[in-house]
Amino acid sequence: MRPNRTQGAAIAAVALAVLFAGGAVTVASADRDEAPAVPVSASADAGFARDMAVHHQQAVEMSFVVRDRTKDEAVRRLAYDIANTQANQRGMMLGWLDLWGLPKNESGVEPMTWMGMGGSGDAGPRDGALMPGMATKTQIEELRKAGGREAEVLYLKLMTEHHRGGVHMAEGCVRKCTVGVERSLAQGMVDAQKSEMLLMADMLKERGA
């Protein structure tokens, strides 16, 4: 029995549906197979995320310290902005490490190795200053003991150096990192921290420092 025209059209429609379905499965499978691999532990992406998370944590710490040591609203507002921004960015970077299945601390690997440095420049780690711009333990203790204008000036000087080191690291990620969203975050850090350095320079001048 030969199919009529209506039956023939129906059979053709089913055949096309099966063909398209098969093609969709093939494309979906190809997409999975070609999905980019996550960064390895020794990559610049992972190294920057680890090191900048530590670097940011100190900025957050210093910012909370100075908010308790001065009543100057301009300094307190700046400290709040820095603490809030860098705490959020730190959470993002640690979240990426979790997403990539990588450790937050790499045993036996010195900070800045991903930039070809290792340690805090040629001098190596000094009194807790593990990376460029980081304050020493002694400087942090001085900030805790200072008050008023002295605390403001010390904080602004320490944070300026901290930002300078942070910009250096972030620029390294912009050059070396392969994950687009991480490079974008790093460039955002460069732009924002350079702007804050100019603001802090003005604030230091206002305080005669």
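Above: the structure in question.
Let us look at the structure shown here. (Residues numbered from 1 in each chain as written. Predicted model: local features only at pLDDT ≥ 70, side-chain atom pairs only at ≥ 80, totals over all residues. Heavy atoms only, no water.)

### Observations concerning the packing of helix α2 (residues 44–69) against helix α3 (residues 73–100)
Keep this limit in mind: Interaxial angle, 0 to 180 degrees, is taken between N-to-C directions of lines fitted to C-alpha atoms, where a helix line uses only the stretch in contact. Secondary structure is summarised from DSSP: a helix means a run of H or I of at least four residues, a strand means a run of E of at least two, and numbering begins at the N terminus for each. Should an angle fall under 35 degrees it is called roughly parallel, over 145 degrees roughly antiparallel, and 65 to 115 degrees roughly perpendicular, with every other angle called oblique. Whether a crossing is left-handed or right-handed is set by the direction in which the near helix is turned from the far one by less than a right angle, anticlockwise for left-handed and clockwise for right-handed. Residues were grouped as follows: Ala, Val, Leu, Ile, Met, Phe, Trp, Tyr, Cys and Pro as nonpolar; Asp, Glu, Lys and Arg as charged; and all remaining residues, including Gly, as polar.
Two elements in contact, α2 and α3, have axes whose closest approach is 8 Å; the angle formed by their N-to-C orientations is 155°. In terms of axis orientation, α2 runs roughly antiparallel to α3. In the crossing of α2 with α3, the sense of the turn from one axis to the other is left-handed. When its residues are assigned to classes, the contact of α2 with α3 shows 19 nonpolar, five polar and five charged.

### Quick notes on the state of the cysteines
Formally: Disulfide assignment relies on a single distance test, namely cysteine sulfur atoms paired within 2.5 Å. Between buried and exposed lies partly exposed: a residue is buried under 20% and exposed over 50% of the maximum accessible area for its type, with that area taken using a 1.4 Å probe on protein chains only.
Per the counting criterion, the structure on display carries one disulfide. Through a disulfide, Cys-173 is tied to Cys-177; the S-S separation comes to 2.2 Å. Negative torsions about the S-S bond denote left-handed disulfides, and the value of about -120° found for Cys-173 with Cys-177 makes this one left-handed. The exposure class of Cys-173 is buried, given its relative accessible area of 0%.

### Here's the deal with the side chain of His-55
Using the following cut-off: Pairs of N or O atoms are called polar contacts if they sit within 3.5 Å, as long as, within protein, a hydrogen donor faces a hydrogen acceptor (for residues adjacent in sequence, only side-chain-to-side-chain pairs). We call two residues contacting when some pair of their heavy atoms lies within 4.5 Å.
Position of His-55 relative to the elements: it lies in helix α2. Within polar-contact distance, the side chain of His-55 engages the backbone oxygen of Pro-132 at 2.8 Å. Dropping the residues within four chain positions of it, His-55 is found in contact with Met-131, Pro-132, Gly-133, Met-134, His-162, Gly-165, Gly-166 and Met-169.

### Details of unusual backbone geometry
The phi dihedral of Met-112 is positive, around 75°, even though this residue is not glycine. Mapping Met-112 onto the fold places it in the loop between α3 and α4 (137–145). Taking the relative accessible area as the measure of exposure, Met-112 reaches 0% and is therefore buried.

### Quick word on the environment of Gln-86
Along the polypeptide, Gln-86 turns up in helix α3. When its relative accessible area of 4% is taken as the criterion, Gln-86 is described as buried. Between the C-alpha atoms of Gln-86 and Ala-53, which are 33 residues apart in sequence, the distance is 8.6 Å.

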